[in-house]
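# Structural overview
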Amino acid sequence: MEQEIDAFIRFLAVERGLSENYQLSTRRSLAEFAAWCESKKKIGHLREITLPLISEYLGERKQNGLAASSIKLIVVALKIFFRFLLGKGWI
């Protein structure tokens with residue numbers, strides 16, 4: 001999943017011209033989600049990720065005390081990441 005995240009961050013930088021801070025924040029959100037998928041759910045491929053899995057992840061983050069505004073940022077990062085992957089035909 002790391003290669004896809006790298007490609008997405010390059011897309012944000014080159015084609016969308018988004019700030020370095022935005023890129024870093026998005027990378028962190030996606031990397032934490034990927035690590036959770038791999039460690040807790042033993043998921044190594046993007047095609048295995050489902051909407052209920054994403055909901056479970058977000059619920060767990062909320063239970064652990066993450067602020068609603070931070071969860072919203074994660075949702076946006078995941079949404080545009082998966083839209084990017086779909087557009088590339090990777091999922």
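Reference entry: report on the structure contained in this document. Owing to the predicted nature of the structure, the values given are computational and were not obtained by experimental measurement. (Residues numbered from 1 in each chain as written. Predicted model: local features only at pLDDT ≥ 70, side-chain atom pairs only at ≥ 80, totals over all residues. Heavy atoms only, no water.)

### Thoughts on the environment of L53
Considering the arrangement of structural elements, one finds L53 in helix α3 (residues 51-63). Note: C-alpha distance between L53 and T26 (27 residues apart in sequence) is 19 Å. If near-sequence neighbours (up to four positions away) are discounted, L53 is found in contact with W36, C37, K41 and I43. (Helix = DSSP H or I, 4+ residues; strand = E, 2+ residues; numbered from the N terminus. Contact = heavy atoms within 4.5 Å.)

### So, the nonpolar core
Core analysis: the biggest nonpolar cluster contains 27 residues, and F8, F33, C37, I49, F81 and F82 have the highest contact counts within it. For this core, the elements supplying multiple residues, two or more each, are α1 (2-14), α2 (20-41), α3 and α4 (68-88). In terms of residue count, the dominant contributor to this core is α4 (9 residues). (Core = buried A, V, L, I, M, F, W, Y, C linked by side-chain atoms within 4.5 Å. Buried < 20%, exposed > 50% of the residue type's maximum accessible area, 1.4 Å probe, protein only.)

### Thoughts on α2
In a regular helix each residue adds 1.5 Å, so 22 residues correspond to 32 Å; α2 covers 30 Å between its end C-alpha atoms and thus fits that length. Here α2 has its buried residues at Q23, T26, S29, L30, F33, A34, W36 and C37. Each buried residue of α2 sits inside an arc of 165° when the element is viewed along its axis, so together they form one side. Exposed side of α2, more than 90 degrees from the buried face: E20, N21 and K40 are the residues found there. Buried positions along α2 lie against α1, α3 and α4. A positive backbone phi angle near 55° is found at K42, which sits one or two residues after α2. (Expected span 1.5 Å × (residues − 1). Arc of directions from axis to C-beta.)

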